[in-house]
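# Fold and geometry: a report
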Amino acid sequence: MSNFEFSSLENRDNTMATKWDKREEIFGSQDILPMWVADSDWQTAPAVKKRLQEKVEEGIFGYSFADQSIYQAVQDWLQRRFDLAVKKDWLIFDTGVVPAINFTLKAITEPDEAVIVQPPVYRPFYGAVKNNNCQLLKNELIKTNNYYQMDLNHLEKQIKESNQQGNRVRAMIFCSPHNPVGRVWQKEELLKLLRLLKKEDIYLLSDEIHLDLILPGYQHTPVLKLLLARDEFKEYRKKVISLMAASKTFNIAGLHTSYTIIESRELRAAYQKAKEGFATGNSPFGLLALKSAYNEGEEWLEAQLKYLEANYKFLQQYIKENIPQIKVTEEEGTYLIWLDCSQLGFEKDEQLIEFMNKNAKVGLNPGRWFGDAGSMHMRLNIACPRQRLEEGLKRIKTAVASLENG
Ligand SMILES: Cc1ncc(COP(=O)(O)O)c(C=O)c1O
């Protein structure tokens, strides 16, 4: 038993938490049990809270920057947990992974160039492509027996076609681990992708925000680690941007802090230029939370991972026994479960969404939010006390049963 608390049903109403206090606005009712946006229903690690309390006492909240100790904390974390050696110069602190993706595309693309995404995928990727007046190149994942894989043969063809049509393929926004399908990409899959991108001279933006949330039996490999270990990628490394944060891992997304890793000096300069006028430093709370999470939060993270694993097993069992019409996508990482609801008998996504909101009274992310490839799916967040997870699943079970009886 760990000393950390993940099962407390504390009231999260009126805390300005988007997940809870926007229920009425987003789902149309306060009765909804929110199981959507990617943050957790428990407090952050005690060490993080303590360091933030000390900062509050200190009372100095002006413009702030990452001092040496923050760089060191990130370097040590990546070395310790992923055997990844990152130089201090390569690190840039940002206010979030989404803004960082936007800055990167601003730095490297011209209008009408194409940017690859792999649907179904985190929706703001599409927005970043649009914001930069680029063309979306959708390389859908392939699903076989509820398991998703990349379709790199198709991607190669898509790249050729797009280049021939005059929309030069410039970059790819990659999600690793993948939200929403829960894949933790294996080394061999990553290497195949990297070799293709290198051959086609395409920049890689590797969003690894979920890097620490990995189920037992799987291992997250940062793309940078593969690149640094192989001579064949010596030149290509200059075209790779890694985006990471402690925000999902330690439930501190509201503190708006992430870090971007760029090895190439030229690309870093272009990135900083793209940021000019859009960013004015970092939150001292975000930086301190990141540092204490990485320096003092490892034991808490291990306990959290155990809790999440047990939640996942509970959900699998519950759905198998009680709602077999819903298929659970095999989960390897993240705490976001991708549910295939196509056998519930609805013809349109709108009906499925209304059913979950109005009949089951659970607040899930509609699969379509992740692109058309997410049709007839829903995403459910299991980072909550088991009792709450059970309550959500019961609501779905009861609603599905009445659907069949009615
Ligand atoms: C894949 C992915 N990238 C980025 C984000 C958000 O990043 P940030 O809040 O740092 O902008 C999320 C949040 O759920 C995510 O799942």
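Keep in mind that what you see is a predicted model, and the values were worked out from it rather than measured.

### Here we look at the domain arrangement of the chain
You can read the domains of the chain as domain 1 (18-44 + 298-405) and domain 2 (49-296). Distance from the C-alpha centre of domain 1 to the C-alpha centre of domain 2: 26 Å. Counting residues at the interface gives 35 residues for domain 1, matched by 38 residues for domain 2. In this assembly, domain 1 packs against domain 2 so that about 3300 Å² is buried in total across both faces, 53% of it on carbon and sulfur atoms. For the pair domain 1 and domain 2, the number of links is five salt bridges. Here domain 1 is connected to domain 2 by 24 residue pairs in polar contact (both at pLDDT 80 or more). Broken down by secondary-structure element, the contributors of at least two residues to the side of domain 1 that touches domain 2 are α12 (298-322), β11 (327-328), β12 (336-340) and β15 (377-381). Here the side of domain 1 that touches domain 2 gets nine residues from one element, more than from any other, and that element is α12.

### Focus: the sheet that holds β12
Sheet architecture is open: four strands sit in the order β11-β12-β15-β14, paired in antiparallel fashion. Single-partner strands in this sheet number two, and they are β11 and β14 (365-366). Bridge count for β14 against β15 is two bridges, and the pairing is antiparallel. Bridge pairing in β15 places Pro 366 opposite Met 378.

### Topic: α12
Between the first and last C-alpha of α12 there are 36 Å, a value that for 25 residues agrees with the 36 Å anticipated at 1.5 Å per step. For α12, every residue scored as buried is listed here: Trp 300, Leu 301, Ala 303, Gln 304, Leu 305, Tyr 307, Leu 308, Asn 311, Tyr 312, Leu 315, Tyr 318 and Ile 319. At its buried positions, α12 is contacted by α3 (46-58), α4 (68-82), β11, β12, β15 and α14 (386-405).

The rules behind the values
Residues numbered from 1 in each chain as written. Predicted model: local features only at pLDDT ≥ 70, side-chain atom pairs only at ≥ 80, totals over all residues. Heavy atoms only, no water. Domains from an automatic or database assignment. Contact = heavy atoms within 4.5 Å. Buried area = accessible area lost by both parts, 1.4 Å probe. Salt bridge = Lys/Arg side-chain N within 4 Å of Asp/Glu carboxyl O. Polar contact = N/O pair within 3.5 Å; in protein donor to acceptor, adjacent residues only side chain to side chain. Helix = DSSP H or I, 4+ residues; strand = E, 2+ residues; numbered from the N terminus. Pairing = 2+ DSSP bridges. Expected span 1.5 Å × (residues − 1). Buried < 20%, exposed > 50% of the residue type's maximum accessible area, 1.4 Å probe, protein only.

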